[in-house]
Each structure stands twice: as structure tokens, then as C-alpha cells.
Amino acid sequence: MTIQWFPGHMAKAKREVTEKLKFVDIVFELVDARLPISSRNPMLDQIIQQKPRIILLNKGDLADPKETARWQHYFQKQGYASLIVNAQQGKGIKNIVPEAKKVLAEKIAHRSARGLKPQAIRAMCIGIPNVGKSTIMNRLVKKNIAKTGNRPGVTKGQQWLKAGDELELLDTPGILWPKFEDAEIGRKLALTGAIKDNLLHMDDLAIYGLSFWQSFYPQNLTERYALSEQELDLPEAELLMKITEKRGLREDYERGSELIIQEIRSGKLGRFTLDRYQEMSVQSEK
Ligand code: GDP
């Protein structure tokens, strides 16, 4: 489910997150490991400012592991704690509390020096729609909590969910928008299924995907669609036609495009990362 973000929605979402931040010790910022930069909210730094943070690279199972390691290192170099997780299968989740304790070590030591009892860490999850906030929260809390609608403004009072003895989570995540006014980011988000299909033409999206795979994951493309070397080097539009034909869809390029996009999203074309560290790490530091 994806919402349309209007300026009013954005202002409201920002206000709500700002309000909730007051109650927490730490923020768990979720990003999609396939899009560690493009799946971030462009204003997040400004919104959360100095609040301690852990960046969780979620959907690590779908991303290219080499790129994920580079991005994790990149965030760490910028001074953020960061962990690679797979909320769906619960991988890496057990590292979250120890990492939060490390990030908050000074505050925790300060309390203990004053003879105060240890307190549960209070945290909230923040991220764009579909990044896995509900799935991670369910994992941390170890039960099924209702998914909050992807709409800012559904929150009533604040409630805390107990996640073991050492962590309490705000019951509603902070939902913020991605930077979708950037066409390249929009395509990347659409290709991973983070934003609605009908915002883009399927054939444009499939062609974008094919061109990306030709550059970065040619082997996966060759294997999946039994392509010859010559076919692999076809211009993207012709490659789309070729695959459509190979899949018995004749000249139905719309269906051919849908099939390719579906296969990319479900991982049939292998694990992938659309935000390339080499190209983007310098750019995003500016
Ligand atoms: P939210 O909108 O941020 O709360 O996102 P959800 O928790 O509803 O997750 C969106 C979709 O991503 C769901 O279909 C989840 O099953 C899926 N998902 C969440 N985490 C992971 C993960 O680590 N790996 C994979 N493969 N899928 C995930």
C-alpha cells in the first residue's frame, strides 16, 4: 500500500515524527538494503537532528551482499551505528538491543553512576512505506501487532510495546516519504515495489531494469532468460521484445514488462542493489 504524499501530508507526517521523537531515546531508521540512499527520507537528518540513531539495512536477503557491506561501512564512517537485517526471517534482529545499548552507553552509564535503576530503552521505528517497519516491530515485540495504515494522522495516544526487558517501542512507526520527485529515485523505488506501479509505464520500468541488469548482473539475465551473448548485448528495448517472445507472450510487451518486473521484485533475477556505492557515496555526501 502506498499513499500519495501531498504537501499537507508531508507537513503533518513531519510534525508527528517530531512530536514522537521527544519520547524516545533512540531512533531505528529503516532503509531498504537494495536502496540504502534512495529509500531514505530527504529531510530525516533535519527532522531527527542529534537524536541517537541506528540505521537498519532491512531486506538484506534481497540485496547484493557486497554492496550491502559497502553501504554499512559508509554509514559507519558517517558516524552512524548500522546493522544488516532481514525482518521477514528475523535475521540480525537480536543484534538491535546490544547495538542500542552501545549507542546509548554514555547515558546508561550516567544513570548507573547516579545509583538509578536501569531503564528500558525507548525507541521508535522510522522509514518510508513498505520498508518493513511493521515486520521489524513484530519481530522485536514477538507478536503480531496491527499494521498501521500508511497514512500520517492515524495515531491517537502514544502506547509502548514491550520488546523484552530492555526495550520498549512506540506502537506506531514514523512514516515518512521518499524523495520521489527525483525521476531516477522514482524508478528505483518502483522497481523494488516501494511505490505504486501506476505512477510509471511498465515498459519504461522494465527497460530501466534490463539496462541495469545488463550493466551489473549480466550473468543472472543470461541464465534466467537463456540468452545468447549476442542477445544479451541487444539494445534494452529489443531485449525486452526478445524476452517477451521467449516467454511465449508474442508481441504483448506490456505483459512481458510485467513479467520482468515481477521477477526482479521476487528475486528471480538474483539479489540486487540499485543504489551503487561507487556512484552514489560521493554524491550523497554533498
Ligand atoms: P511497512 O510499510 O514499513 O510497515 O512495511 P511492512 O512491514 O508491511 O513490509 C512491507 C513488505 O516487505 C511486506 O510484504 C513484508 O513481508 C516485506 N518485508 C519486510 N521485511 C522484509 C525482509 O527483510 N525481507 C523480505 N524479503 N521482505 C521483507
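Residues numbered from 1 in each chain as written. Predicted model: local features only at pLDDT ≥ 70, side-chain atom pairs only at ≥ 80, totals over all residues. Heavy atoms only, no water.

### Regarding the overall build of the chain
Note the following rule: Where helices and strands are cited, they refer to DSSP runs of H or I of at least four residues and of E of at least two residues respectively, numbered from the N terminus. In this scheme, a residue with accessible area under 20% of its type's maximum is buried, one over 50% is exposed, and one in between is partly exposed, where area comes from a 1.4 Å probe on protein chains only. Two residues form a contact once any of their heavy atoms are found within 4.5 Å. For the area figures, the Shrake-Rupley method with a 1.4 Å probe applies, and any residue is considered shielded solely by the protein chains shown. Here Asp and Glu are counted as negative and Lys and Arg as positive; His is not counted, and neither are the chain ends. Charge positions are represented by NZ for Lys, CZ for Arg, CG for Asp and CD for Glu.
The secondary structure content of the chain amounts to 13 helices and seven strands. Seen through its principal axes, the chain has C-alpha atoms that stretch 75 × 40 × 35 Å. Per-residue burial over the chain gives 48% buried out of 286 residues. Sequence-distant contacts in the chain: of pairs separated by 6 or more residues, those separated by 24 or more amount to 73%. Split by element, the accessible area of the chain, about 14700 Å² in all, is 49% carbon and sulfur. Put simply, the chain has 45 plus and 36 minus side-chain charges, and the middle of one group is 10 Å from the middle of the other.

### With respect to the domain arrangement of the chain
As a measure of interface size, the accessible area lost when the parts come together is often cited. Short version of the rule: The domain limits used here are those given by an automatic or database domain assignment. Two parts placed together each lose some accessible area; with a 1.4 Å probe, that loss summed over both constitutes the buried area.
With domains assigned, the chain is organised as domain 1 (7-175) and domain 2 (201-283). Relative placement of domain 1 and domain 2: their C-alpha centres are 33 Å apart. Listed by partner, the interface residues are 18 residues for domain 1 and 11 residues for domain 2. Carbon and sulfur atoms supply 53% of the area buried between domain 1 and domain 2, which totals about 1300 Å² over both sides. Among the residues of domain 1 in contact with domain 2, R34, E67 and W71 are the three that bury the most area, contributing 37% of the side total.

### Looking at the pattern of salt bridges
Defined as follows: Between Lys or Arg on one side and Asp or Glu on the other, a salt bridge is scored when a side-chain nitrogen of the former is within 4 Å of a carboxyl oxygen of the latter.
Counted under the stated rule, the structure contains 18 salt bridges. With a shortest N-O distance of 2.8 Å, K107 and D25 are connected by a salt bridge. On the criterion of sequence distance, the pair formed by K107 in helix α5 (residues 105-113) and D25 in the loop between α1 (7-21) and β1 (26-32) is long-range, its members being 82 residues apart. A relative accessible area of 45% places K107 in the partly exposed class. Put simply, R53 and E29 hold a salt bridge, and the shortest N to O gap is 2.9 Å. Here R53, found in strand β2 (residues 53-58), pairs with E29, found in strand β1; they are 24 residues apart in sequence, far enough to count as distant. You can call R53 buried: its relative accessible area is 5%.

### Observations regarding the nonpolar core
In plain terms, the rule: Grouping buried Ala, Val, Leu, Ile, Met, Phe, Trp, Tyr and Cys residues that are joined through side-chain atoms within 4.5 Å yields what is termed a nonpolar core.
Grouped together as the largest cluster of nonpolar side chains are 56 residues, with contacts concentrated most on F28, L56, I136, L140, L169, W213 and L221. The biggest single contributor to this core is helix α8 (residues 202-216), with seven residues. Taken domain by domain, the makeup of this core includes at least three residues from each of domain 1 (7-175) and domain 2 (201-283). When near neighbours in sequence (up to four residues on either side) are disregarded, L169 contacts F28, A123, C125, M137, L140, V141, Q159, W160 and L161.

### Observations regarding the UniProt feature "binding site: GTP" (unreviewed entry) in the chain
Quick reminder of the rule: UniProt positions are given in the numbering used here, feature names are shortened, and annotations may be inferred rather than shown by experiment. We define a polar contact as two N or O atoms separated by no more than 3.5 Å, with the added condition that, inside protein, one atom must be a possible hydrogen donor and the other a possible acceptor, whereas residues neighbouring each other in sequence contribute only through side-chain atom pairs.
In the numbering used here, UniProt assigns the feature "binding site: GTP" (unreviewed entry) to N58, K59, G60, D61, N130, V131, G132, K133, S134, T135 and G174. Taken together, the annotated residues stretch across 117 residues and extend over separate regions, lying up to 23.6 Å apart by C-alpha. In this structure K133 comes out as buried when scored by relative accessible area, which is 5%. Beyond its immediate chain neighbours, meaning those up to four positions away, K133 contacts L30, I126, G127, I128, P173, G174 and I175. Reaching out from K133, the side chain makes a polar contact with the backbone oxygen of I128 at a distance of 2.6 Å. Tracing the backbone through its elements, the reader meets G174 in strand β7 (residues 174-175). When near neighbours in sequence (up to four residues on either side) are disregarded, G174 contacts V17, K20, M124, C125, I126, G127 and K133.

### Let's talk about α8
In plain terms, the rule: To estimate the expected span of a helix, count its residues, drop one, and scale the result by 1.5 Å.
A rise of 1.5 Å per residue sets the reference length of α8, with its 15 residues, at 21 Å; its end C-alpha atoms lie 21 Å apart and thus fit the reference within 8%. Residues of α8 that are buried: M202, L205, A206, Y208, G209, L210, F212 and W213. Contacts made by the buried residues of α8 are with α7 (183-192), α9 (218-225), α11 (236-246) and α12 (253-265).

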